[in-house]
Amino acid sequence: MITVRLKKGCKLNIAGKPALETEVLAKPSHVALVPERIPFIKPRLKVRVGDRVKIGSPVFEDKRNPEIKFLSPGGGEIDVINFGPRRVIREIVIRVDKKEESVRFKPLTDQELETTQRDDLVRAMTDGGIWPFIKSFPFRDITDPQGRAPGIFINLGDSEPFQPRPEVYLQGAAELFEFGVRILRKLVEKVYVARRPGDSSIINSLNHLITHTCHGDYPVDDPGVMLYHSKKSSEENGSWYIDGQDVLHLARFFKTGLYPIERIMVLAGSQAHESKHFQTRAGVPLTELAQWHKYKTSGVRFVAGGLFRGYTGAKNSYMGFYENSLTLITQGDNEEAFGFIRPGYGKPSSSKTFLSCFNTSELALNCGLHGELRACINCGYCAQVCPVDILPQFTYKSVIADEIEESLAHGLLDCAECGLCTYVCPSKIELCARFKQAKAAYYKELV
Amino acid sequence: MMKIIKSVCDAQRHHFSHGGKLERFKPLFDATESFFFIPGIATVSDAHVRDSLDLKRFMSFVILALMPSFFFGIYNAGYQALIVSGSDSVFFPAFIKGLQIVLPLVIVSYTVGFFWELLFAVIRKKEISEGFLVTGLLFPMTLPPTIPLWQAAVGISFGVVIGKEIFGGTGRNILNPALTGRIFLFFAYPVRMSGNSVWTVIDEKTPDAISGATPLAIAAITQPDQAIDTVLSQAGYSFTKLFMGVYPGSIGETSALACLIGALLLIITGIASYRIIAGGVLGVLSIGWLLNILAADSSMAWQSLNPCSHLVMGGFAFGIAFMATDPVTAPGTDASKWIYGFAIGALTVLIRVFNPAYPEGVMLAIIFMNLFAPLLDYFTIKQRLRKRIANV
């Protein structure tokens, strides 16, 4: 077993951690697909408003590669298709019938799995809409079905605030997870499973599958960080990765022959009235997950998919394809008098310039910048937290100077997009966003 | 109280916003308002949350760390002035006297420097950076207490304009602006910046009073056949006295103790790099010790000085704690910070020993190494990137 020890990263003690208990959420009246939040794809609609769909009917495909399909997470009628600026497809909303129908796919038994050809398996996965769960490095795009990879990383971690805990979604699904790993072994020779240290009996029961243990703070369990710390050669840069919960979806698909729509999600954050796990389904409306009717507050931001990498969802929006968490925190756009000389016992900071460094209790974060944009003063805080040993303050300069070769030599493509450099920057520079843009621009040049 | 300030700000904002009468002076308005209030801006992209530390607090901590040296400097300037005039040198009168000497310098430094900052901010239509708060205080603390105010004004102007603004402002300057200003004065007005008479303010009533020589000056005129440590302690400069700092010198630099307190605060809070400071101390000690070994009978007296004395003499403690650690002009990688600090320490000793014409070696050493900081980064980054597994 490989042990990854991350000395950098950032210890985050944020209020609003989800409890381990799980509540079953009532069936929503509408579910949706949110193509806008799936990076890189160019969706081509396969349905129109008013069309009838089953669970598992194709709703849109990726123009870049029509093999990659996204299926309906609900059975019923296409209620509305919302477009954004420049006709970007925001949401495809499905009004769910009381009794939903499902498309039947061909299930696989354990024996059949052993004898299936790889190509047939890939085709079954793309047709079944579960292929997009597998993403590839370094650009974190959906994997090319024709592609091959030196290895695939499965992440059983939840270090980013806040993500579903693996011991919750693996509850009673350990065998299913093993089946999922076997499916992935048919695709990729080396399957790496990474966990964080802990004494969860469910994860311990999977110890024979675990290849990496990762010690450290956020984002140690990110597959990109794991890849960076365990790779031996440049060939491994094109590895694939998949989230632990998504492995269960693959397994469920082949066990049942039905498009998997059940999800374990978390509701968390300092503004959530109860922070815990919910058993619900893909594409759930954010307000239903948040149980928004119970709130009277305003100035709350809905962050889907984690505080560092997620997106801000409009309150009438829906959970994206990859996101499994909803964090509610205050908007933080109120001014603060003499903020720069306050002792700050309750102000979270990774620096030691606030009295909060003596405060061991969980502190509430808000979405405020807590300052204004300034020039980079080369303080190097970003380099102290970067999990993949990039020097963001220098890489940033080569990126804005359009020095592609230099940026790449600095390890731009190793960037785990964890957002910590942006988080710690006292000059409030959007480092991570700039890196992601630069990576995407380079990716566009390549394809 | 805060509500009143808030309502004043809100009432005046329209003058400074787009199309207002005073639109050009928006940087001034923004600087004033953001002094009182951290602006309520929310994040628009990921990461959704941000650390509470901003540049204003970052710089405020440097100012906080300067406070021991600042107050000690005020007291010491007054104390030295009272001693030579023969008055009783008790604490409060000395402090009041010191305030009379130091405050005008600080006010001139801030006002004149702020004028240039504002001018460039208005022309460039950019916000005023907090970096100047530190420069404006650092600069007067490096000056002799007798400096005429107009020279202080010229010095800070040179420091801010040539040392910083012509390169593009805070974050883009290659030289430490406060030190650039001081070096300018040092070479432009040597009579006012060196010698024995400039370190103590002498009242017009007692023109015959003789001020004491600084330890650097004594060391520089020590003959090769004299033991330098003895000469210094005969002049009253024991190690303890040098460490405590009650002797004539530039306002902020005499007390190594006060600098040590400031340096510790900066290191503990992570504002300054301990690598630079530790590297500097290491540089002084190792080169000082090396020169001790190489010292022959005929070599300069400086050469046999106890290396520890180098740490507490002159402006080394002040320079390494507050000037060398300026992140903008220091290199950025860990390795190059060690080299940078070490080279500053080593050069300080070398300049002091081999070029007594420039007794204040640390000032020149820091500015010299400022120039090399990008080169150090270039090589250490190259070395670092060699270890990466290529990903293109």
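Here the structure is a predicted model, which means the values were calculated and not measured.

**Student:** Could you give an account of the overall build of chain A, naming the residues involved and the relevant values?
**Tutor:** Regarding its fold elements, chain A presents 13 helices and 21 strands. Over its C-alpha trace chain A gives a radius of gyration of 22 Å, about what one expects of a compact globule, namely 22 Å for 447 residues. Taking the principal axes of the C-alpha coordinates as reference, chain A spans close to 65 × 55 × 50 Å. Burial status across chain A gives 61% buried among its 447 residues. The contacts of chain A with a sequence gap of at least 6 include a subset with a gap of at least 24, amounting to 68%. When the accessible surface of chain A is summed, it comes to about 18,200 Å², and 49% of that surface belongs to carbon and sulfur atoms.

**Student:** So what's going on with the interface of chain B and chain A? Residues and values would help.
**Tutor:** Counting from both sides, the interface comprises 57 residues of chain B and, opposite them, 79 residues of chain A. Where chain B abuts chain A, roughly 5,800 Å² becomes buried across the two surfaces, and 55% of that area is made up of carbon and sulfur atoms. Inspection of the chain B/chain A interface yields 32 residue pairs in polar contact (both at pLDDT 80 or more). Broken down by secondary-structure element, the contributors of at least two residues to the side of chain B that touches chain A are α1 (2–16), α2 (26–36), β1 (37–38), α3 (55–84), α12 (256–269) and α17 (361–387) of chain B. Counting residues per element, the side of chain B that touches chain A draws most heavily on α3(B), which supplies seven residues. For the side of chain B that touches chain A, the per-class residue count stands at 27 nonpolar, 15 polar and 15 charged.

**Student:** Before we move on, can you summarise the pattern of salt bridges with the specific residues and values?
**Tutor:** All names here are of chain A. Within this structure, the stated rule accounts for 40 salt bridges over all chains. Here E36 and R90 are joined by a salt bridge, their closest N and O atoms 3.1 Å apart. Taken together, the residues E36 in the loop between β3 (30–33) and β4 (43–45) and R90 in strand β9 (residues 89–96) connect sequence positions 54 residues apart. On the basis of relative accessibility, which here comes to 29%, the residue E36 falls in the partly exposed class. Between R95 and D79 there is a salt bridge, with its nearest N and O atoms 3.0 Å apart. Residue R95 is found in strand β9, and its partner D79 is found in strand β8 (residues 76–83); the two are separated by 16 residues along the sequence. Assessed through its relative accessible area of 36%, R95 is described here as partly exposed. Overall, D79 belongs to the partly exposed group, its relative accessible area being 25%.

**Student:** So what about the domain arrangement of chain B? Which residues, and what values?
**Tutor:** Residues and elements named next belong to chain B. Parsing chain B into structural domains produces domain 1 (2–36), domain 2 (67–193) and domain 3 (215–379). Taking only C-alpha atoms, the centre of domain 1 and the centre of domain 2 are 28 Å apart. A buried area of about 470 Å², summed over both sides, lies between domain 1 and domain 2, and 83% of it is on carbon and sulfur atoms. For domain 1, the biggest contributors to the area lost against domain 2 are R24, P27 and L28; these three give 68% of the whole. The tally of links from domain 1 across to domain 2 stands at zero salt bridges.

What counts and how
- Residues numbered from 1 in each chain as written.
- Chains lettered and ligands numbered in written order.
- Predicted model: local features only at pLDDT ≥ 70, side-chain atom pairs only at ≥ 80, totals over all residues.
- Heavy atoms only, no water.
- Helix = DSSP H or I, 4+ residues; strand = E, 2+ residues; numbered from the N terminus.
- Rg over C-alpha atoms; globule rule 2.2 N^0.38 Å.
- Buried < 20%, exposed > 50% of the residue type's maximum accessible area, 1.4 Å probe, protein only.
- Contact = heavy atoms within 4.5 Å.
- Areas by Shrake-Rupley, 256 points an atom, 1.4 Å probe, with all protein chains shown as cover.
- Buried area = accessible area lost by both parts, 1.4 Å probe.
- Polar contact = N/O pair within 3.5 Å; in protein donor to acceptor, adjacent residues only side chain to side chain.
- Nonpolar A, V, L, I, M, F, W, Y, C, P; charged D, E, K, R; others polar.
- Salt bridge = Lys/Arg side-chain N within 4 Å of Asp/Glu carboxyl O.
- Domains from an automatic or database assignment.

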